[in-house]
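Descriptive analysis of the structure
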Amino acid sequence: MCVICGCNTEPDSGDTDGGERTSRVSHAPVATAGGDLHYGAGAAGVSVMGVSQARVIHMEADVLGENKRLANQNRAHFAAHGVRAFNLVSSPGSGKTTLLCASIKALDTRRPGLSLAVIEGDQQTSVDADRIRATGAPAIQVNTGRGCHLDAQMVGDAFARLDLHAAAHHGHSADSLLFIENVGNLVCPAMWDLGEDAKVVVLSVTEGEDKPLKYPDMFAAAMLMVINKIDLMPYVSFDVSRCIGYARRVNPGIEVLLVSATTGEGMDAWLDWLLAQPSTPGRRTATEAFGQRC
Amino acid sequence: MHEVSMAGGILRMVEEAAGREHFQRVSHLRLEIGALAGVEPQALRFALTAMMPCTCLEGGEITIDEIPGTARCLHCAASVEIQSYLEPCPRCGSFTLQATGGFEVRIVDLVVFDDPL
């Protein structure tokens, strides 16, 4: 039906471009049973030549489609370089950077020669990248300005500048780890696929066990929940089993590890988890396994 | 706050469509948001409305269709509709729902005009 006057002219199908369909409304008259032409059969009761005509463009387009395309490009790029990428997400202050620094040191002992690098996301400053570099690992800081999350383009741009990328191009590395520390924010980074193998949500015991219920999108998107700062458990009321129950209510398949990056407790299991992940591009996160999210 | 990024993405996609399809303005933009997309329809509308002046969306109307989430119960195997991740299975009552759909944020269609307002 014509959008302007409601006339019953059949829209001729327009050209399709990237799945779009355009319905052009031609304002042709309606032929009555007696063969007469009726130009005022529509809701407006009139059709005036030269008056603007509306058309409908059927886009059916994913708003995150461009990010998804770049994320898939990153994913293929990582796979081609033998890189397994982990996207660490959490609220600010959960201990992501401390966990990474401790992991880099522990990996150096456990798997000497393993290539790894870090992409650090923060709104401002290079404090976190400086902390990572102090461990000897390469790091690139990405400042998002006022942005609340990293997106696939930022990660692709940062990856291209890393030695991890260059080393693999020269055939030195077949197996390496890329940690992407997202902007500290338990909401927005859940929606952006960066091309990672898995999202890892870090929750510290000082934040409270109810976070999975309060910020369910993040826990639904994550493959693993690391409960960090467990050395502080004697000083806070944090019910571990309740926390895990809440996380599994949101995401029944989520894996859980208890870690203290400061004392080293639980670090072996965390390293086991990191090193056990196969670097196949087809690996899916819990939500991807069932939906088309990423 | 990520709704601002999404609104920017929507505006960019509409302007690209304007370049391809040679229209001047959009009188109606229809979006679809899944219940599990992590996007607040009100916030997205607010962000879009703030960006519309001086673009082809200026003066246009926005419709947002909210699509329910879907899930499968790992306990009783029922396929159910949900509005949030926090719901129990409406059939067996257990909290073992694995979300399967409702993650989409899509531009469905536009009503456009070839001449300026």
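The following refers to the structure shown. Worth saying up front: this structure is predicted, and the values here are computed from it rather than measured. (Residues numbered from 1 in each chain as written. Chains lettered and ligands numbered in written order. Predicted model: local features only at pLDDT ≥ 70, side-chain atom pairs only at ≥ 80, totals over all residues.)

Residue and element names in this part refer to chain B. It is the contact of helix H1 (residues 2–21) with helix H2 (residues 41–51), at a shortest axis distance of 8 Å, that shows an interaxial angle of 50°. Compared by their axis directions, H1 and H2 come out oblique. Seen along the crossing, H1 lies across H2 with a hand that is right-handed. For the pair H1 and H2, the contacting residues are Glu3, Val4, Met6, Ala7, Gly8, Ile10 and Leu11 in the first and Ala43, Leu44, Ala47, Leu48 and Met51 in the second. By residue class, the composition of the contact of H1 with H2 is ten nonpolar, one polar and one charged. (Axes fitted to C-alpha atoms, helices over the stretch in contact; angles between N-to-C directions. Helix = DSSP H or I, 4+ residues; strand = E, 2+ residues; numbered from the N terminus. Parallel < 35°, antiparallel > 145°, perpendicular 65-115°, else oblique. Left-handed = near helix turned anticlockwise from the far one by under 90°. Contact = placed C-beta atoms within 7 Å. Nonpolar A, V, L, I, M, F, W, Y, C, P; charged D, E, K, R; others polar.)

Residues and elements named next belong to chain B. Ordered in space as S4-S3-S5, the three strands form an open sheet in which the pairing is antiparallel. The open sheet has two edge strands, strand S4 (79–82) and strand S5 (97–101), and neither has a second partner. Between one strand axis and the next, the sheet turns through 40° on average, direction left out of account. Inspection of the sheet shows strand S3 (residues 69–73) paired to S4 by four bridges, in the antiparallel sense. In the sheet register, Arg72 faces S4, and the bridge partner there is Ser79. (Pairing = 2+ DSSP bridges.)

Residue and element names in this part refer to chain A. The set of residues buried in helix H8 (residues 240–250) consists of Cys243, Tyr246, Ala247, Arg249 and Val250. An end-on view of H8 places all buried positions within 155° of arc, on one side of the element. Along its buried surface, H8 packs onto helix H6 (211–214), helix H7 (216–221), strand S11 (224–228) and strand S12 (255–258). (Buried ≥ 20, exposed ≤ 12 C-beta atoms within 10 Å, placed from the backbone. Arc of directions from axis to C-beta.)

Attention shifts here to the nonpolar core. Residues and elements named next belong to chain A. Core analysis: the largest hydrophobic core is formed by 108 residues, its most contacted members being Leu178, Ile180, Val200, Phe219, Ala222 and Met225. Here this core spans two domains, and each of domain 1 (1–61) and domain 2 (65–276) adds at least three residues to it. For Val200, the contacting residues outside a window of four places in its chain are Phe86, Asn87, Leu88, Ala222, Met223, Leu224 and Val226. (Core = buried A, V, L, I, M, F, W, Y, C linked by C-beta atoms within 7 Å. Domains from an automatic or database assignment.)

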